[in-house]
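Inside the fold
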Amino acid sequence: MPPPISDPADPTDPTDPTDPAAVPPRGTLARRALTRRCPLCGARRIFRHWFTMLPRCPGCGLRFQREAGHWSGDLGINTIVSFGTLLVVLLGTSLLTYPNIDAGKLLVACAATAIGVPVLFYPFSKTIWLAFDLAVNPLRPGELGDADGDGDRGSDEQDSGEVR
Ligand SMILES: [Zn+2]
């Protein structure tokens, strides 16, 4: 079965499904990433669990870890979003309650933000980073494998990182 590159549910997707090197427009990549879908083809269910991404897309066969060290980018995105949110909560709560700042409530709010945001944002950081990477590093020949290739290959943590 040829890999479906375009999103059949999206009539605005101009991606040519017959071109294996095609990458959707950046807006499409971003929209799919923000909804935890494969940025390349729009396939859903690309996560085995909240924290475990499949090694390959079940729709187009894209290997999510595109090269060794690929996932350092999503760590950076998650860190920026988490610390940014923490800063907003800290400053916002302090300014809204000034001069009667309740240090206990502020500490609880900051702790909940510092723990909750990285956990909740984790899968989105993966798909957003993948979309960014696809936007700046177009597909290379042979990068799309068989869509059901996750069974024998184990988790993404076990992948060697080499690009086929
Ligand atoms: Zn896909």
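Residues numbered from 1 in each chain as written. Predicted model: local features only at pLDDT ≥ 70, side-chain atom pairs only at ≥ 80, totals over all residues.

Some remarks on the overall build of the protein
Helix and strand counts for the protein stand at 4 helices and 2 strands. Along the protein, from the amino end to the carboxyl end, the secondary structure elements read α-β-β-α-α-α. In the protein, which comprises 164 residues, the proportion classed as buried is 26%. (Helix = DSSP H or I, 4+ residues; strand = E, 2+ residues; numbered from the N terminus. Buried ≥ 20, exposed ≤ 12 C-beta atoms within 10 Å, placed from the backbone.)

Here we look at helix 3 (residues 103-136)
In helix 3, a bend of some 50 degrees at tyrosine 122 exceeds every other bend along the element, and proline 123, a proline, comes one to four places later. Within the span of helix 3, buried status applies to Ser125, Lys126, Thr127, Ile128, Trp129, Leu130, Ala131 and Leu134. Considering only its buried residues, helix 3 is in contact with helix 1 (26-34), strand 2 (52-53) and helix 2 (72-97). (Bend = angle between axes of the 7 residues up to and from the residue. Contact = placed C-beta atoms within 7 Å.)

Some points on the packing of helix 2 against helix 3
Running from N to C, helix 2 and helix 3 cross one another at 145 degrees; their axes reach a closest spacing of 7 Å. Helix 3 is crossed by helix 2, and the crossing has right-handed handedness. The residue inventory of the contact of helix 2 with helix 3, partitioned by class, reads 15 nonpolar, 8 polar and 3 charged. (Axes fitted to C-alpha atoms, helices over the stretch in contact; angles between N-to-C directions. Left-handed = near helix turned anticlockwise from the far one by under 90°. Nonpolar A, V, L, I, M, F, W, Y, C, P; charged D, E, K, R; others polar.)

Brief notes about the nonpolar core
Cys38, Leu40, Cys57, Cys60 and Leu62 are the most contacted members of the largest nonpolar core, which has 19 residues in total. When contributions to this core are tallied by element, the ones reaching two or more residues are helix 1 and helix 3. A per-element tally of this core places helix 3 first, with 5 residues. (Core = buried A, V, L, I, M, F, W, Y, C linked by C-beta atoms within 7 Å.)

Focus on the environment of leucine 91
Relative to the helices and strands, leucine 91 is located in helix 2. Linking leucine 91 and leucine 106, residues 15 residues apart in sequence, is a C-alpha distance of 9.9 Å.

Points about helix 2
Look at helix 2: 37 Å from first C-alpha to last across 26 residues, which is about the 38 Å you get at 1.5 Å a residue. Taken together, the buried positions of helix 2 are Asp74, Asn78 and Ser82. Elements that come into contact with the buried residues of helix 2 comprise helix 3. (Expected span 1.5 Å × (residues − 1).)

Let's talk about unusual backbone geometry
Residue proline 99 follows tyrosine 98 across a cis peptide bond; omega there is 10 degrees. Note that proline 99 resides in the loop between helix 2 and helix 3. The backbone phi angle of arginine 36 is positive, close to 60 degrees, even though this residue is not glycine. By secondary structure assignment, the location of arginine 36 is in the loop between helix 1 and strand 1 (47-49). For arginine 36, a count of 17 C-beta atoms within 10 Å translates into the label partly exposed.

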